[in-house]
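Commentary on secondary and tertiary structure
Chain residues, written in single-letter form:
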Amino acid sequence: MAPPKTPVRYRARCPVCPWTGREYTRYSQAEDAARDHAERTVHDTHVIDHYGLRIAGSTIRPADERT
């Protein structure tokens, strides 16, 4: 089976405001962008995949501690 032509892309998204972060190839980078936005705006954020679907367990709340 051939690998997909485009790699999976992740981006941070805020459901409260119209903000959507840029695309990243690594989940951790999109998670960092979501965390930065959550801290700046006190909004809950999450990470979405290249289909625009929220990644399960990716919700970041402003008060969450970085692990």
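Above this text is the structure in question.
Residues numbered from 1 in each chain as written. Predicted model: local features only at pLDDT ≥ 70, side-chain atom pairs only at ≥ 80, totals over all residues. Heavy atoms only, no water.

Formed by Tyr-10, Ala-12, Tyr-24, Ala-30, Ala-33, Ala-34, Ala-38, Val-47 and Ile-60, the largest nonpolar core amounts to nine residues. For this core, the element with the most residues is helix H1 (residues 27-41), which contributes four residues. For Ala-30, the contacting residues outside a window of four places in its chain are Tyr-10, Arg-11, Ala-12, Tyr-24 and Val-47. (Core = buried A, V, L, I, M, F, W, Y, C linked by side-chain atoms within 4.5 Å. Buried < 20%, exposed > 50% of the residue type's maximum accessible area, 1.4 Å probe, protein only. Helix = DSSP H or I, 4+ residues; strand = E, 2+ residues; numbered from the N terminus. Contact = heavy atoms within 4.5 Å.)

Below, the discussion takes up the packing of aromatic side chains. If you walk through the whole model with that rule in mind, you get one aromatic pair. Their ring planes at 90° and their centres at 5.7 Å tell us that Tyr-10 and Tyr-27 sit as a pair that is edge-to-face. Placement of Tyr-10 in the segment before strand S1 (11-13) and of Tyr-27 in helix H1 is noted, with a sequence separation of 17 residues between them. (Phe/Tyr/Trp six-rings, centres within 6.5 Å; stacked < 30°, edge-to-face > 60°.)

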